[in-house]
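Breakdown of the fold
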Amino acid sequence: MTELWNIIVGLLIIIGAFFTLFAALGVLRFPDLYTRMHAASKAGVFGSGLILIGLAIHASDVAISLRAVLAILFLILTTPISAHLLAKAAYAVGYPAWKGTAHDEMRTALNANKPRARKK
Amino acid sequence: MTEAAMGFLELATLIALAILSIAFLLTVARVILGPGIPDRVLALDMLVAIAIGFIAVIGIRSGFTIYLDIAIALGLVGFLTTVAFARFIMSRRYSQDYQEISARLKAKRRP
């Protein structure tokens, strides 16, 4: 039974590492900030989460498995918040989207209620 | 059979460490290249995620799972760093707006 778990853990680690590699590749190769964020915040967290799941299965102690699951939960909880906040800040500064961007809902939403323009 | 499985796990951790190193280098390249501050902040966030993966693989490989606490703390620090940088980027916007408005007022006053 142990060898089966070892093989499962090894496969989880390798798959997670590949997900992280592809996330890093996306961060390097995608054309603008928003697409890069799409790669980093989804694939990167999934890769690290898979590796942590491997650690949780491999660990013989329940406390360590619990800690690994807690780390996964924390990662899944915080990464969308930080990515959303960063994207909002970058859009507010006027960081340009890629030329091939098909649809920008944020622009119409911002033009609908612009408090500063109305004040002047 | 158990020997082979242990060997597979050893090999898997080695391969994972190599792949994570390549990912780390690619992300560092984005930190160096990144045209703006948001790109660099995003790449730093990604570096934190890769570092957590590193810690987990080393925990499997050597049995030093005490570093897992450090991984959780590192995730917290990375989250707070990204939030702080986002606030910093937003505040820079306001200072730029203020400069624009003051320049416009100055131009209006001159003629």
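A short tour of the structure in this document, coming up. (Residues numbered from 1 in each chain as written. Chains lettered and ligands numbered in written order. Predicted model: local features only at pLDDT ≥ 70, side-chain atom pairs only at ≥ 80, totals over all residues.)

**A look at the overall build of chain A**
Of regular secondary structure, chain A possesses five helices and zero strands. Here chain A has a C-alpha radius of gyration of 20 Å; the compact-globule value for 120 residues is 14 Å, and the former is much larger. The dimensions of chain A, computed from C-alpha atoms along their principal axes, are 70 × 30 × 15 Å. When each of the 120 residues of chain A is scored for burial, the buried share is 41%. Within chain A, contacts between residues at least 6 apart in sequence are counted, and of these 64% link residues at least 24 apart. (Helix = DSSP H or I, 4+ residues; strand = E, 2+ residues; numbered from the N terminus. Rg over C-alpha atoms; globule rule 2.2 N^0.38 Å. Buried ≥ 20, exposed ≤ 12 C-beta atoms within 10 Å, placed from the backbone. Contact = placed C-beta atoms within 7 Å.)

**Thoughts on the overall build of chain B**
When its secondary structure is counted, chain B shows three helices and zero strands. Its helices and strands in sequence order give chain B the pattern α-α-α, from N to C terminus. Every one of the 111 residues in chain B was classed for burial, and the buried ones make up 35%. Put simply, 45% of the contacts in chain B that link residues at least 6 apart link residues at least 24 apart.

**Quick look at the interface of chain A and chain B**
Counting residues at the interface gives 48 residues for chain A, matched by 48 residues for chain B. Looking at the side of chain A that touches chain B, the elements with two or more residues in it are α1 (2–29), α2 (33–58) and α3 (62–93) of chain A. Split into classes, the residues belonging to the side of chain A that touches chain B amount to 33 nonpolar, twelve polar and three charged. (Nonpolar A, V, L, I, M, F, W, Y, C, P; charged D, E, K, R; others polar.)

**Here's the deal with the environment of Ile-32 of chain B**
By secondary structure assignment, the location of Ile-32 of chain B is in helix α1 (residues 2–33). It is 9.5 Å that separates the C-alpha atoms of Ile-32 of chain B and Ala-43 of chain B, two residues lying eleven residues apart in sequence.

**A word on the packing of α3 of chain A against helix α2 (residues 37–62) of chain B**
Running from N to C, α3 of chain A and α2 of chain B cross one another at 175°; their axes reach a closest spacing of 11 Å. Taken together, the axes of α3 of chain A and α2 of chain B lie roughly antiparallel to each other. Contacts between α3 of chain A and α2 of chain B involve Ala-71, Ser-82, Leu-86 and Ala-90 of chain A on the former and, on the latter, Pro-38, Val-41, Leu-42, Asp-45 and Ile-52 of chain B. Tallied by class, residues from the contact of α3 of chain A with α2 of chain B come to seven nonpolar, one polar and one charged. (Axes fitted to C-alpha atoms, helices over the stretch in contact; angles between N-to-C directions. Parallel < 35°, antiparallel > 145°, perpendicular 65-115°, else oblique.)

**Digging into the packing of α1 of chain A against α2 of chain A**
Residue and element names in this part refer to chain A. Direction vectors running N to C along α1 and α2 enclose 165°, while the axes themselves pass 8 Å from each other. As summarised for this structure, α1 and α2 are arranged roughly antiparallel, according to the angle between their axes. When you trace α1 past α2, the crossing you get is left-handed. Counted by class, the contact of α1 with α2 contains 19 nonpolar, eight polar and one charged residues. (Left-handed = near helix turned anticlockwise from the far one by under 90°.)

**Concerning the nonpolar core**
Grouped together as the largest cluster of nonpolar side chains are 59 residues, with contacts concentrated most on Ile-13, Val-27, Leu-52 and Leu-86 of chain A together with Leu-42, Met-46 and Ala-56 of chain B. Only α1, α2 and α3 of chain A together with α1, α2 and α3 (67–109) of chain B provide two or more residues apiece to this core. By residue number, the principal contributor to this core is α2 of chain B, which donates 14 residues. With near-sequence residues (within four places) excluded, Ile-13 of chain A lies in contact with Ile-51 and Gly-54 of chain A together with Ala-12, Thr-13, Ala-16, Val-57 and Ile-60 of chain B. (Core = buried A, V, L, I, M, F, W, Y, C linked by C-beta atoms within 7 Å.)

**Regarding the environment of Phe-64 of chain B**
Along the chain, the position of Phe-64 of chain B falls in the loop between α2 and α3. Non-local contacts of Phe-64 of chain B, meaning those with residues more than four positions away in its chain, are made with Ile-58 and Gly-59 of chain B.

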